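# Reading the structure
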Amino acid sequence: MSKEEKLKKFLLEIPEEIWNKWKDTIPRSISLNKALIELLKKEGNKK
């Protein structure tokens, strides 16, 4: 990540059951933050 890249930080409120189902699909070698960024990129490219 470059120094010039801006970050958006926010607090998520997600039902625990939904969060746990999603996070359990992510390999432990990948951070949940990185996995969430990839998911957002995929969703953003659908338009």
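This text goes with the structure placed above it.
## Notes on the overall build of the chain
Counting secondary structure elements, the chain contains two helices and zero strands. Taking all 47 residues of the chain together, the buried fraction comes to 6%. Total accessible area computed for the chain in this model is approximately 5,100 Å², and 55% of it derives from carbon and sulfur atoms. Of the side-chain charges in the chain, 12 are positive and 8 negative, and the distance between the mean point of each set is 5 Å.

## Concerning the pattern of salt bridges
Following the criterion strictly, the structure yields four salt bridges and no others. For Lys46, the salt bridge identified is with Glu43, shortest N-O distance 3.1 Å. The class of Lys46 is exposed, set by a relative accessible area of 61%.

## A look at the packing of aromatic side chains
Each aromatic ring pair is characterised by the separation of its centres together with the angle its planes make. Here the structure, examined in full by the defined rule, presents one aromatic pair. Relative to Trp22, the ring of Trp19 has its centre 5.2 Å away and its plane inclined at 45°; by these criteria the two rings are tilted. Here Trp19 and its partner Trp22 are both found in helix H1 (residues 16–23), three residues apart, which amounts to about one turn of the helix.

## Describing a nonpolar patch on the surface
The grouping of Phe10, Leu12, Ile14 and Ile18 at the surface amounts to a nonpolar patch, some 380 Å² of accessible area in total. Residue classification places Ile14 among the partly exposed residues on the basis of a relative accessible area of 37%.

## Quick look at the environment of Asp24
Positionally, Asp24 belongs in the loop between H1 and helix H2 (32–44). Take Asp24: its relative accessible area is 59%, and that puts it in the exposed class. For the pair formed by Asp24 and Lys46, sequence separation is 22 residues and the distance between their alpha carbons is 24 Å.

Basis of the calculations
- Residues numbered from 1 in each chain as written.
- Predicted model: local features only at pLDDT ≥ 70, side-chain atom pairs only at ≥ 80, totals over all residues.
- Heavy atoms only, no water.
- Helix = DSSP H or I, 4+ residues; strand = E, 2+ residues; numbered from the N terminus.
- Buried < 20%, exposed > 50% of the residue type's maximum accessible area, 1.4 Å probe, protein only.
- Areas by Shrake-Rupley, 256 points an atom, 1.4 Å probe, with all protein chains shown as cover.
- Lys, Arg positive; Asp, Glu negative; His and termini not counted.
- Charge placed at Lys NZ, Arg CZ, Asp CG, Glu CD.
- Salt bridge = Lys/Arg side-chain N within 4 Å of Asp/Glu carboxyl O.
- Phe/Tyr/Trp six-rings, centres within 6.5 Å; stacked < 30°, edge-to-face > 60°.
- Patch = residues over 30% accessible without salt bridge, like charges linked within 9 Å, V, L, I, M, F, W, Y side chains within 5 Å.

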